[in-house]
Amino acid sequence: MTTEQTTTPPCTGVGIATSGLGQRVRGGRQVLDDISLGIAPGELVAIIGASGAGKTTLLETLAGVRGPTAGSVTHHGPGTTGAVGLVPQDDIIHRELPLARTLRYAARLRPAGPVGAGDRVAEVLAELRLTERAATPVGLLSGGERKRASIAVELLARPGVFFLDEPTTGLDPTIAVELLRVLRALADTGTTVVLTTHQVTDVDHCDRVIVLTRQGRLAFAGTPDAAREFFDLPSLVEVHLRLDQVAHPAEWPERFAAQRDDRPPTATTPHDTGRPLAVTGDGHGPPPRRVGRLRQWAVLTARNAEIVARNRLTLAILLGSPLLVLGMFALLFRPGAFEPSRPSPTVTVMILFWIAFGGFFFGLTYGLLQICTELPILRRERLAGVRLAPYLLAKVAVLLPLLALVDLALLGVLRGIDRLPPVGARDFAALYATLLLSSAAALALGLLCSAAVSDAAQATLMLPMLCFPQVLFVGAILPVPAMAVGGQWLSYAMSNRWAFEGLGHTAGVERLWRDGGSPLGPPLLATYGDSFARPVWVNWLILAGFTVLFLVAACAVLARRGSRDAA
């Protein structure tokens, strides 16, 4: 029996009340205007409206993901002490892992409770009739099964209220009806369920329907039967046409306001036993209870490692591309360039530079696609309490050992085929430390850039933009002292410069060029000045500083993106 724990005891639902709710987006455009309504605990509620009416914005504002720019949202009832479940329109869970493994990792990221993670996963799989698919990779599930799997992730925390954005979009009608039955069953057990939908037929499965005009005004809130009577329609399929037929956009909201006899419930009712939750304009409700940072890091690291191990193509690329680069190095450079009696100064420069650039390139490409491809997953897990620092450090914990293996193989093979100077074990270890720190700094830079872009295509376009400066301003093609003043200043920001100079110091190129038999050595050394005279530990400190700086910046970028998404 596992000792791992998941979240809170069962709750009986959350009631929601809004008063004068308004929402503007960037640019000042009014999306929601004066929305006042009430949702009782345990109700299944549908939000409908034409495209652009603000359905998703209202859903996210009710959930506390967005802060209202006017009015207020209040959660009330005993379920307010439980979690809030939000299922976006996309099926945002990792597709490489089997379903049960995906849910198990999600459960371990949730706060501790009385039920073991394995037991809770089994309960949720049975509840959603997915037990027979537990060992199936998520990517091989059908559309309806993936939607239920996405719901299962949130069910692990036994939320008092569930918000779903377009859960039936793109599903076969039969599968959509089955999913609505699942949501109906959740509501019947006391969980409040609020969903947006373009499929007006979904409304018939719900207790209440909220209708928005194209201008984000409340045209109606009540039972489906009352809605048909209010709009004088036998079916709500034509409700959007009926809304557009009026001469003034405010006519239906004003008609509803004039006849409504229900008032939004207050933040507390006589039967409440839980603490009310007021959602204010800062975009955040009370912070979710979280597991500790160390445990989050351990769980995320284990999950990342399993994802990489199960994706054989990705693993083959991560380990195979360095082998191709190594083969090119062996074909490009002749052996013996570091021979003390007859060195080749220009070749030694190129060998050291391309070794440094190889470490940089491996680290950059390892990190560049890590975050942008799972931003929706990160956004969802942030709502569940996952912190950014453990998330980023878990990426480093999985990728850096792979880089360490690749860098060691690169230096070891080059040493074995006489493309490195004949240094002892201590100097070889120093070369390795320099190369690994270079890869770590590049990995952190890749994670930063991955956090800043929105998709893999943008990240791919950034690759040459990041690599070219690390080639031109490092000092190999043109020594730093020979650069224009602007180039010299820019070279300080190139992490690859410090790796190149650190490798050159450990390889003893100053002595080799000065005392070797090549007439090119002394003139070449003069153009480099004191580039290789700096103790190698100084270069290590600079590379470590770059690594920390890029990781902190990646944290800041992700935090800012989260705040902007909530605005």
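Given the structure is predicted, the values throughout are model-derived calculations rather than measurements.

Parameters at a glance
- Residues numbered from 1 in each chain as written.
- Predicted model: local features only at pLDDT ≥ 70, side-chain atom pairs only at ≥ 80, totals over all residues.
- Heavy atoms only, no water.
- Helix = DSSP H or I, 4+ residues; strand = E, 2+ residues; numbered from the N terminus.
- Buried < 20%, exposed > 50% of the residue type's maximum accessible area, 1.4 Å probe, protein only.
- Contact = heavy atoms within 4.5 Å.
- Areas by Shrake-Rupley, 256 points an atom, 1.4 Å probe, with all protein chains shown as cover.
- Pairing = 2+ DSSP bridges.
- Right-handed = clockwise from strand over helix to strand, strands pointing away.
- Patch = residues over 30% accessible without salt bridge, like charges linked within 9 Å, V, L, I, M, F, W, Y side chains within 5 Å.
- Salt bridge = Lys/Arg side-chain N within 4 Å of Asp/Glu carboxyl O.
- Phe/Tyr/Trp six-rings, centres within 6.5 Å; stacked < 30°, edge-to-face > 60°.
- Core = buried A, V, L, I, M, F, W, Y, C linked by side-chain atoms within 4.5 Å.
- Expected span 1.5 Å × (residues − 1).

(A) The overall build of the chain, seen in detail. When you go through the chain residue by residue, the secondary structure sums to 20 helices and 10 strands. Counting only residues that meet the buried cut, the chain has 53% of its 567 residues in that class. Sequence separation of at least 24 residues holds for 78% of the intrachain contacts in the chain that already meet a minimum separation of 6. Carbon and sulfur atoms make up 61% of the accessible area of the chain, which totals about 24300 Å².

(B) Spotlight on the environment of Val 182. Note that Val 182 resides in helix 5 (residues 173–188). Taking the relative accessible area as the measure of exposure, Val 182 reaches 6% and is therefore buried. Considered as a pair, Val 182 and Arg 148 are 34 residues apart in the sequence and their alpha carbons are 8.6 Å apart. Setting aside anything within four residues of it in sequence, one finds Val 182 in contact with Leu 128, Arg 129 and Arg 148.

(C) Layout of the pairing of strand 6 (residues 161–165). Burial within strand 6 is extensive, with 5 of its 5 residues counted as buried. Burial of strand 6 is two-sided: the residues Val 161, Phe 163 and Asp 165 facing one way and the residues Phe 162 and Leu 164 facing the other way are all buried. Where strand 5 (residues 84–87) meets strand 6, 4 bridges bridge the pair, whose relative direction is parallel. The partner of Val 87 across the bridge, within strand 6, is Leu 164. Examined bridge by bridge, strand 6 and strand 7 (residues 192–196) share 5 bridges and lie parallel to one another. Paired with Phe 163 across the two strands is Val 194, which belongs to strand 7. Taking the sense of rotation as the criterion, the β-α-β connection linking strand 6, helix 5 and strand 7 turns out right-handed.

(D) Representation of the environment of Leu 383 in the model. With respect to the helices, strands and loops of the structure, Leu 383 is situated in helix 12 (residues 375–383). Put simply, Leu 383 and Leu 86 are 297 residues apart on the chain and 8.3 Å apart in space, counted from C-alpha to C-alpha.

(E) Region of interest: a nonpolar patch on the surface. A grouping of Phe 468, Leu 472, Ile 477 and Leu 478 is seen on the molecular surface, where their side chains present a nonpolar patch of about 400 Å² in accessible area. For Leu 478, the position within the fold is in the loop between helix 15 (456–472) and helix 16 (485–491).

(F) Structural detail: the packing of aromatic side chains. Here the structure, examined in full by the defined rule, presents 20 aromatic pairs. Summarising the aromatic geometry, the rings of Tyr 492 and Trp 498 are spaced 6.0 Å apart at their centres and angled 40° between planes, so their arrangement reads as tilted. Given the relative accessible area of 46%, Tyr 492 is considered partly exposed. An aromatic cluster is present here, built from Phe 353, Trp 354, Phe 357, Phe 360, Phe 361, Phe 500, Tyr 528 and Phe 532 joined pairwise through their rings.

(G) How the structure looks around the nonpolar core. Within the largest apolar cluster, 84 residues are counted, with the highest numbers of intra-cluster contacts made by Ile 355, Phe 500, Trp 513 and Leu 558. Of the residues forming this core, the biggest block, 13 residues, is contributed by helix 13 (residues 388–416). Counting residues in each nonpolar core, the second largest holds 78 residues, with Val 14, Val 73, Val 121 and Leu 125 among its members.

(H) Quick look at helix 11 (residues 345–368). The end-to-end C-alpha distance of helix 11, which contains 24 residues, comes to 34 Å, matching closely the 34 Å that a straight helix rising 1.5 Å per residue would cover. Within helix 11, 18 of the 24 residues are buried, which leaves it mostly tucked inside the rest of the structure.

(I) The arrangement of unusual backbone geometry in detail. The backbone of Glu 166 shows a phi angle near 50°, a positive value even though the residue is not glycine. Looking at where Glu 166 falls in the secondary structure, it is placed in the loop between strand 6 and helix 5. If you check the backbone angles, Asp 232 has positive phi at about 55° while not being a glycine. Among the secondary structure elements, Asp 232 is positioned in the loop between helix 6 (224–231) and helix 7 (239–244). Looking at Asp 232, the relative accessible area reads 60%, which means it is exposed.

(J) View of the environment of Leu 326. Looking at the secondary structure, you find Leu 326 in helix 10 (residues 312–332). Assessed through its relative accessible area of 10%, Leu 326 is described here as buried. Setting aside chain neighbours within four positions, we find Leu 326 in contact with Ala 409, Leu 410, Val 413 and Leu 414.

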